[in-house]
Amino acid sequence: MKKVLIILTVLLLSFALFACGSGSSSNKDKPKDTSKATIGSFEIAIKDYEVKQDDEGNDAVFITFDFTNNGEEEANYDTALYGECFQNGVELDFGDVYIGEDTTDPSYENKYKDIQQGTTIEVKEAFILQDKENPITVKVVSMNEIMGGNSEGTAEKEFKIAE
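Criteria and thresholds
In this convention, every chain numbers its residues from 1, walking through the sequence in written order. Local features are withheld for residues below a pLDDT of 70 in this predicted model, meaning they are given only at 70 or higher, and side-chain atom pairs are given and counted only at 80 or more; totals for whole chains, interfaces and linings count all residues. The side-chain quantities take in all heavy atoms of the structure and omit both hydrogens and water. Between any two strands, pairing holds if DSSP finds at least two bridges. Each helix is a run of H or I in the DSSP string that is no shorter than four residues. Each strand is a run of E no shorter than two, and both are numbered from the N terminus. Buried, partly exposed and exposed residues are distinguished by accessible area as a fraction of the type maximum, computed with a 1.4 Å probe on protein chains only: under 20%, between the cut-offs, and over 50%, respectively. Stacked, tilted and edge-to-face are the three classes assigned to paired rings of Phe, Tyr and Trp, where Trp is represented by its six-membered ring and a pair needs centres within 6.5 Å; plane angles under 30 degrees give stacked, over 60 edge-to-face, the rest tilted. Think of it as a cone above the ring: NZ of Lys or CZ of Arg counts as a charge over the ring if it is within 6 Å of the ring centre and within 35 degrees of the ring normal.

K.L.:
How do you make sense of the sheet that holds strand β5 (residues 90-91) when you look at a structure like this?
P.N.:
Strand pairing within a sheet occurs via backbone hydrogen bonds; the two strands may be parallel or antiparallel. Judged by pairing direction, the sheet is antiparallel, and its four strands sit side by side in the order β5-β4-β7-β8 without closing on themselves. A single partner strand is all that each edge strand has here, and the edge strands are β5 and β8 (155-159). Sheet topology places strand β7 (residues 136-142) next to β8; five bridges connect them, and they run antiparallel. Within β8, the residue paired with Ile136 across the bridge is Phe159.

Structure (structure tokens):
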């Protein structure tokens, strides 16, 4: 009888130690969401993509962003931030989107519109794809960084675009 109690006690203690050690994982194990970032006085969220042809007939990926101005002055996406897209380790060229009366989606024009403090606007940019099979990585940095200044933050997101 003593042996049975000792074995049961050892099993219970082993189970208790095992249960304590294998709880939920810490936040260090979870990947950080880098698709949203504060870059200087601005917030950017890389939202979605669509694969279609640009206005020159090139296969392109159209990236949708939310751009928020938290600065004291009016600002626009085009002069505040710089979006770039990579495929197979190479930066993609910008796609052609003609803006005018025939533009059906105002998000393409929005990158040039000044917005006031606290305002968010949807913006789209097009990039010419190398192929339709390999993933792309979208990255947004401050225009200041592109011009040789210090980094003020980065937003980055990968999309798997295989059809």
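K.L.:
Sorry, what's going on with unusual backbone geometry here?
P.N.:
Across residues other than glycine, the phi torsion is negative in most instances, and most of the peptide bonds are trans. The residue Asn88 is not glycine, and still its phi comes out positive at about 55 degrees. Tracing the sequence through the fold places Asn88 in the loop between β4 (81-87) and β5. A residue is classified by how much of its surface remains accessible, and Asn88, at 44% relative accessible area, is partly exposed.

K.L.:
Teacher, can you tell me more about the packing of aromatic side chains here?
P.N.:
Here a ring pair, both rings aromatic, is described through the centre-centre distance and the interplanar angle of the planes. Under the defined criterion, the tally for this structure stands at seven aromatic pairs. Ring pairs connect the aromatic residues Phe42, Phe65, Phe67 and Tyr77, which therefore count as one cluster. A cation sits over an aromatic face here: Lys52 above Phe62, 4.8 Å from the ring centre.

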